[in-house]
Amino acid sequence: MKPKILVTEPIPDKVITHLSSFGKIIQGERGEYNTEEDLIAGLQHADALLCMLSTPVSRKVIENAPKLKVIANFAVGYDNIDVNAAHEKGIRVANTPDVLTEACGDFAMGLLMAVTRKFNEAEQYLREGKFKGWEPLGFLGMELRGKTLGIIGMGRIGQSFAHRARAFGMNIAYHNRNPLPDDITHALDAVYYTDHRQLAREADVLSLNCPLTEGTHHLVDEDILKIMPDHAYLINISRGPVVDEAALARALKEGQIAGAGLDVFEEEPEVHPELIQAPNATILPHIASATFETREAIGMLAANAIISVLKGKKDSEIPNLITG
Ligand code: GLV
């Protein structure tokens, strides 16, 4: 009998065709498995789970999934999965590193330009019929050349953003648990900060590219926002809870910082009402990896991890398994 694979949301056809050649797909509708109860019900007969970053794969879910052998997240971040609980039950967990790096680097650069050059505000002005002619003092923004991009979390995506920012003439500074190897630092001419507060104090743009963990929850809080220069911008394409959203909404309102480009939110899909109103925030619905090419590649990588586990391949033969 073919193994059963629960796919919690519609994903690219190519991935479904690929998975169908191996197992029987239980296909979810949008949002159908976003509660623990619905997910537990859906997992009763499933051998494998291909889930989204919005799928709550908690300990309770894992302990109530009698046949589950593998979980593959359709995302690189996997803070929605209790990996320890899965490993305790011998369930393998996979994510999708590398394949979305360039799409996210492009997106971060675009978001930075959009917020520093006021794309959204200016577009709205035009759409509202307020554009009456070229204005020498209209929608002035911050130029990027010579400014410092401070990156917290200099992994693959942080580095891809940094490379793009270098091409725009920005200086790169970063904070990580450990400094990067010299060849990478030299290629980016990047300066390492042991203290992320010092980085926040000195950067013209502070970008969050770290995973969400207990250690990074509310890493950007009221105190950090206060020490950032008032001309500085915050970019967040990592996870919403890395920022205290209420504190950010206040900081934007009071002009403590100049603006924020946000693709992620603390209580997705909810967005703090004051951020919705904030003219100096560019806010987007978690779309950093949303290109045709990347979403297909994400799906294929997740699908291949599922197929490999169900075929009984060794962990060492499955590059995107999360270990430890
Ligand atoms: C998207 O946020 C991802 O983690 O892939």
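Residues numbered from 1 in each chain as written. Predicted model: local features only at pLDDT ≥ 70, side-chain atom pairs only at ≥ 80, totals over all residues. Heavy atoms only, no water.

### Description of the pattern of salt bridges
Part 1: Under the defined criterion, the tally for this structure stands at 17 salt bridges.
Part 2: Salt-bridge contacts for D315 lead to R92; the nearest nitrogen and oxygen are separated by 2.6 Å. With a gap of 223 residues between them, D315 in the segment after α13 (292-310) and R92 in strand β5 (residues 92-94) connect regions that are remote in the sequence.
Part 3: For R92, a relative accessible area of 30% translates into the label partly exposed. (Salt bridge = Lys/Arg side-chain N within 4 Å of Asp/Glu carboxyl O. Helix = DSSP H or I, 4+ residues; strand = E, 2+ residues; numbered from the N terminus. Buried < 20%, exposed > 50% of the residue type's maximum accessible area, 1.4 Å probe, protein only.)

### Side note on the site of the ligand
Part 1: The environment of the ligand is made up of L53, A75, V76, G77, L100, R239 and H286.
Part 2: Measuring from an oxygen atom of the ligand, one finds a backbone N or O atom of G77 at 2.8 Å.
Part 3: A distance of 2.7 Å separates an oxygen atom of the ligand from a polar atom in the side chain of R239.
Part 4: Out of a free accessible area of 190 Å², the ligand has 88% covered by protein chains.
Part 5: A class-by-class count of the residues in the shell around the ligand yields 4 nonpolar, 2 polar and 1 charged. (Near = heavy atom within 4 Å. Polar contact = N/O pair within 3.5 Å; in protein donor to acceptor, adjacent residues only side chain to side chain. Areas by Shrake-Rupley, 256 points an atom, 1.4 Å probe, with all protein chains shown as cover. Nonpolar A, V, L, I, M, F, W, Y, C, P; charged D, E, K, R; others polar.)

### Here's the deal with the packing of helix α5 (residues 101-116) against helix α7 (residues 156-167)
Part 1: Relative orientation of the contacting elements α5 and α7 amounts to 50 degrees, with a least axis distance of 8 Å. As judged from the angle between their axes, α5 and α7 are oblique. Pair α5 / α7 crosses with right-handed handedness. Seen from α5, the contacting residues are T101, E102, C104, G105, D106, A108, M109 and L112; seen from α7, they are R156, I157, S160, F161, R164 and A165.
Part 2: Residue composition of the contact of α5 with α7, grouped by class: 7 nonpolar, 3 polar and 4 charged. (Axes fitted to C-alpha atoms, helices over the stretch in contact; angles between N-to-C directions. Parallel < 35°, antiparallel > 145°, perpendicular 65-115°, else oblique. Left-handed = near helix turned anticlockwise from the far one by under 90°. Contact = heavy atoms within 4.5 Å.)

### What about the side chain of H286?
Part 1: By the secondary structure assignment, H286 is in the loop between β12 (281-283) and α13.
Part 2: Apart from the residues lying within four places of it in its own chain, the contact partners of H286 are L53, R239, D263, V264, E268 and R295.

### Brief notes about the side chain of E245
Part 1: On the secondary structure map, E245 appears in helix α11 (residues 245-253).
Part 2: Although E245 is buried, it forms no salt bridge, and the closest oppositely charged side chain is R250 at an N-O distance of 12 Å.
Part 3: Excluding anything up to four places from it in sequence, E245 contacts F265, E266, V271, H272 and L275. (Lys, Arg positive; Asp, Glu negative; His and termini not counted.)

### Observations regarding the domain arrangement of the chain
Part 1: Here the chain is described as being made up of domain 1 (4-98 + 292-317) and domain 2 (101-283).
Part 2: Here the C-alpha centre of domain 2 lies 31 Å away from the C-alpha centre of domain 1.
Part 3: Every contact between the two is made by 8 residues of domain 1 and, on the other side, 6 residues of domain 2.
Part 4: Across the domain 1/domain 2 interface, buried area totals approximately 570 Å², and carbon plus sulfur atoms make up 46% of it.
Part 5: It is L53, D79 and D98 that lose the most area in domain 1 upon contact with domain 2, and together they represent 66% of the buried surface on that side.
Part 6: If you look at where domain 1 meets domain 2, you find 2 salt bridges. (Domains from an automatic or database assignment. Buried area = accessible area lost by both parts, 1.4 Å probe.)

### Side note on the sheet that holds β5
Part 1: One open sheet holds the 5 strands; their spatial order is β2-β1-β3-β4-β5, and the pairing between them is parallel. Bordering the open sheet on either side are β2 (24-27) and β5, each of which pairs with just one other strand. Put simply, the sheet's adjacent strands are angled 15 degrees from each other on average, direction ignored.
Part 2: Looking at chain direction, strand β1 (residues 4-7) and β2 are connected through 4 bridges and run parallel. Note on β2: the bridge partner recorded for K4 is K24. (Pairing = 2+ DSSP bridges.)

### Here's the deal with α11
Part 1: Along α11, the residues that are buried comprise E245, A247, L248, A249, A251 and L252.
Part 2: For α11, the secondary structure elements touched by its buried residues are α10 (222-227), β10 (233-236), β11 (259-262), α12 (273-277) and β12.
Part 3: Measuring from the backbone nitrogen of A246 back to the side-chain oxygen at the start of α11 gives 3.3 Å, which picks out D244 as the cap.
Part 4: Looking one or two places after α11, you find G255, whose phi comes out positive at around 70 degrees.

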